Amino acid sequence: MDQPEKIKTVRERLLYFIKEYLRISVRQFEIVCGLSNGFVSKNRAVIRPVNVELISKHFPQINPRWLETGDGEMLRKEYNGEIIRKDLPYFDVDLIKKFDQVVNEDEIDPTYYMNIPFFYNCDCAFPVFGRSMIPDINDGSVVAVKEVSADSLLPGEAYVIVTKEFRTIKYIRICPEDPTKLRLVPRNLEEYDESLIERDQILRLFLIKGIITSKVI
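Residues numbered from 1 in each chain as written. Predicted model: local features only at pLDDT ≥ 70, side-chain atom pairs only at ≥ 80, totals over all residues. Heavy atoms only, no water.

1. Thoughts on the side chain of Arg-13
Quick note on the threshold: Helix and strand labels come from DSSP, where a helix needs a run of H or I of at least four residues and a strand needs a run of E of at least two; each type is numbered from the N terminus. Working definition: with a 1.4 Å probe on protein chains only, accessible area under 20% of the residue-type maximum means buried, over 50% means exposed, and in between means partly exposed. Neither His nor the chain ends is counted toward charge; the positive residues are Lys and Arg and the negative residues Asp and Glu. Put simply, a salt bridge is a Lys or Arg side-chain nitrogen that is within 4 Å of an Asp or Glu carboxyl oxygen. Polar contact is defined as a pair of N or O atoms within 3.5 Å, subject to the rule that within protein one atom must be able to donate a hydrogen and the other to accept it, and that residues adjacent in sequence are counted only when both atoms are side-chain atoms. Should any heavy atoms of two residues lie within 4.5 Å, those residues are considered in contact.
With respect to the secondary-structure elements, Arg-13 resides in helix α1 (residues 10-22). At 6.4 Å, Glu-12 is the nearest oppositely charged side chain to Arg-13, a buried residue that forms no salt bridge. Here the side chain of Arg-13 touches Leu-67 through a polar contact of 3.0 Å, landing on its backbone oxygen. Once you skip the residues sitting within four places of it in the chain, Arg-13 turns out to touch Ile-7, Lys-8, Trp-66, Leu-67, Glu-68, Thr-69 and Gly-70.

2. Section: α1
All of the buried residues along α1 are Val-10, Arg-13, Leu-14, Tyr-16, Phe-17, Ile-18, Tyr-21 and Leu-22. Looking at the buried positions of α1, the neighbouring elements they touch are α2 (26-33), α3 (39-42), α4 (49-58) and α5 (64-69). Arg-23 lies just past α1 and shows a positive phi near 60°.

3. Considerations on the nonpolar core
As a reminder of what qualifies: Within this scheme, the nonpolar core is defined by two criteria: the residues are buried Ala, Val, Leu, Ile, Met, Phe, Trp, Tyr or Cys, and they are joined through side-chain atoms within 4.5 Å.
In terms of nonpolar packing, the biggest core is built from 25 residues, with Leu-14, Phe-17, Leu-22, Phe-29, Ile-55, Phe-59 and Leu-67 touching the most fellow members. Elements represented by at least two residues in this core include exactly α1, α2, α3, α4 and α5. Residue contacts for Phe-29: discarding those within four places in its chain leaves Leu-14, Phe-17, Ile-18, Leu-22, Ile-24, Leu-35, Val-40, Ile-55 and Phe-59. Ranked by size, the runner-up nonpolar core spans 17 residues in total, among them Cys-124, Phe-126, Val-143 and Ile-169.

4. Looking at the pairing of strand β3 (residues 124-127)
Selection criterion: Following DSSP output, two strands are said to pair if at least two bridges run between them.
Burial along β3 is two-sided: the residues Cys-124 and Phe-126 and Ala-125 and Pro-127 are all buried. Across 4 bridges, the pairing between β3 and strand β4 (residues 142-148) is antiparallel. If you follow Ala-125 over to β4, its bridge partner there is Ala-144.

5. Some thoughts on the packing of α2 against α4
Selection rule: The axes used here are C-alpha line fits, helices contributing only the stretch in contact, and every angle between their N-to-C directions lies in the interval 0 to 180 degrees. Just so you know how the angles are binned, under 35 degrees is roughly parallel, over 145 roughly antiparallel, 65 to 115 roughly perpendicular, and the rest oblique. Lys, Arg, Asp and Glu make up the charged group, whereas Ala, Val, Leu, Ile, Met, Phe, Trp, Tyr, Cys and Pro make up the nonpolar group; the residues left over, Gly among them, are polar.
Contact geometry of α2 with α4 gives a least axis separation of 9 Å together with a crossing angle of 95°. As far as their axial angle goes, α4 and α2 are roughly perpendicular. Along the contact surface, α2 presents Phe-29, Val-32 and Cys-33, while α4 presents Leu-54, Ile-55 and His-58. Grouping the constituent residues of the contact of α2 with α4 by class yields 5 nonpolar, 1 polar and no charged.

If you want it as C-alpha cells, here you go:
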C-alpha cells in the first residue's frame, strides 16, 4: 500500500499503521498488544525497544526499523502489503463444562471456522450462556477470546477467568484495599453479586476481544 514519504513522529507512524492499514481503533490496538490506555498518544519521538518487540509480536508484518525511525517501508518485505488473517476456530461448547478441552492441547475439534478478519488475532470463539453479563454479553452470544498473561491484565475489561475451582466471565477490577486481590464484577448487578479472588488463584486468563450477538425479531 502507498504511504507518505516519511512520517516524522512515532505517534504519527503508529496512527498510520493502526488507522490506514489495520483499520481498527487505537484502543483496540492497545488492548491486542497489552499496552496501557493512552500509550499511542503519549509516544512522540522515541519508542522503547521493549514496546517495539511487543508490537511486533502481535503484528509481525510491521517493520521495526520503520516504526522506530521512519526509514524504509512500513511492512516487512515478506508480507507484501497484505494483512495476516486466519480463520477463527469456533467451539459450540459450554464454557463451564468443556472450556478446558478447548484450550488444552486441542482435545476437541472446532465445530467450524469463522472468517472474521477483525478477530484474526484471537485464539477461539464459543457461545456464552447465562445472565450475569447482560446486557453487555447476552445469553447465547458468541465471544472471541485471546489468552493473555495475568500480569498484563487491563482493569475494567471483560475476561474469561480460569481457576482451579471455577471458570467464569466477569469484568476484572483491582481491589484498592488489597492489591493481591481482584474484584470480579458482573454487569448484571441486580441479580448477581461482585466477588473477590486472590490474584494468584488465576490459572489462565482470556481477554474478550469481540462479541457477536444475534437478535430474533
